[in-house]
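As a plain string of letters, each chain reads:
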Amino acid sequence: MSVLFTCFSGLLSRLQTSSPTVPALSSSKSFSQNIPSCLWKLGRLNHVAIAVPDLEKAQYLYKDVLGAQVSETVALPEHGVYTVFVELGNTKLELLHPLGEKSPIASFLQKNKTGGMHHICIEVDDIKAAMTELKKKKIRILSEEPKIGAHGKPVIFLHPKDCHGVLVELEQA
Ligand SMILES: C[C@@H](C(=O)O)C(=O)SCCNC(=O)CCNC(=O)[C@H](O)C(C)(C)COP(=O)(O)OP(=O)(O)OC[C@H]1O[C@@H](n2cnc3c(N)ncnc32)[C@H](O)[C@@H]1OP(=O)(O)O
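Residues numbered from 1 in each chain as written. Predicted model: local features only at pLDDT ≥ 70, side-chain atom pairs only at ≥ 80, totals over all residues. Heavy atoms only, no water.

1. As for the UniProt feature "domain: VOC" (unreviewed entry) in the chain
If you check UniProt for "domain: VOC" (unreviewed entry), the listed places come out as residues 44-173 in our numbering. In residues 44-173, helix accounts for 22% and strand for 38%; the two terminal C-alpha atoms are 9 Å from one another. (UniProt positions renumbered as here; feature names shortened; annotations may be inferred. Helix = DSSP H or I, 4+ residues; strand = E, 2+ residues; numbered from the N terminus.)

What follows is the structure in structure tokens.
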């Protein structure tokens, strides 16, 4: 009962705050088709990841030129990356550099020689529920199970071709 109430009040607040450019609910669809899922929800933007060909130069840019707080380099062999986090207050940047021959960042940098935005990471409140629903909606998840990500929490990646050209990481909040 309380779940239903939460869903319904969430729907009402979305309807009340929706932008005028968002099309109104189609009267041809039944009301139940438009009830948003309530098993899991998106949270805040955790980070934006940037693949860089030279980690030291990128650290220099963010720390010494732009004056940001920049972490030490951490190796994450399970993901095939070196990571550096840049603290921005409301979110973070994650600088990524290839580690090992099979690194996903290596193939990305082959196509984007000077580096570029690699993925965005959004927090979710229930990553398993998210996986179940996204699979039903035919969004490709790039691993069978969540992996432990840079913050020691479970993460999954969604195929960029199913997310309008952006590789999306979901992290358990
Ligand atoms: C530590 C952790 C954390 O933050 O917690 C991390 O960051 S780990 C960060 C590193 N880990 C990951 O990225 C894991 C998830 N990534 C993957 O599974 C892979 O990198 C894929 C995204 C599936 C891409 O695989 P692969 O490079 O073998 O395929 P591919 O080069 O043929 O790419 C297939 C198509 O996707 C596009 N594509 C590839 N990478 C992309 C990206 N990052 N953003 C947007 N589009 C991308 C390609 O241009 C290509 O499009 P066209 O066909 O149109 O040319």
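What follows continues from the structure just given.
2. Comments concerning the site of the ligand
Around the ligand, a shell composed of 21 residues is seen, among which E94, K111, A150, K161 and E169 lie nearest. Within the contact set of the ligand, an oxygen atom lies 2.9 Å away from a backbone nitrogen or oxygen of A150. A distance of 2.7 Å separates an oxygen atom of the ligand from a polar side-chain atom of K161. Protein contact buries 68% of the 1100 Å² of open area that the ligand shows by itself. The cavity where the ligand resides is the largest pocket. Of all the elements, helix 3 (residues 104-111) adds the most residues to the shell around the ligand, at 4 residues. Its residues assigned to classes, the shell around the ligand shows 10 nonpolar, 7 polar and 4 charged. (Near = heavy atom within 4 Å. Polar contact = N/O pair within 3.5 Å; in protein donor to acceptor, adjacent residues only side chain to side chain. Areas by Shrake-Rupley, 256 points an atom, 1.4 Å probe, with all protein chains shown as cover. 1 Å grid on protein atoms, 1.4 Å probe; cavity = no way out; pocket = protein on both sides within 12 Å on 5 of 7 lines; lining within 4 Å. Sits in = over half its atoms within 2 Å of the grid points. Nonpolar A, V, L, I, M, F, W, Y, C, P; charged D, E, K, R; others polar.)

3. Let's talk about the layout of surface pockets
Each pocket or cavity is described by its volume, and for the largest pocket that value is around 730 Å³. P104, I105, H118, F157 and L167 are the residues nearest the centre of the largest pocket, which is lined by 35 residues in total. Among the elements of the structure, strand 4 (81-87), strand 5 (92-98), helix 3, strand 6 (116-124), strand 8 (154-158) and strand 9 (167-172) are those that each provide at least two residues to the lining of the largest pocket. Broken down by element, the lining of the largest pocket gets its largest block of residues, 5 residues, from helix 3. (Points joined across faces, edges and corners; volume = space filled by probe spheres on them.)

4. So, unusual backbone geometry
We note that K138 has phi near 65°; this positive angle belongs to a residue other than glycine. The residue K138 is located in the loop between helix 4 (127-136) and strand 7 (147-148) in this model. Even without being glycine, H164 reaches a positive phi, approximately 55°. Note on placement: H164 falls in the loop between strand 8 and strand 9.

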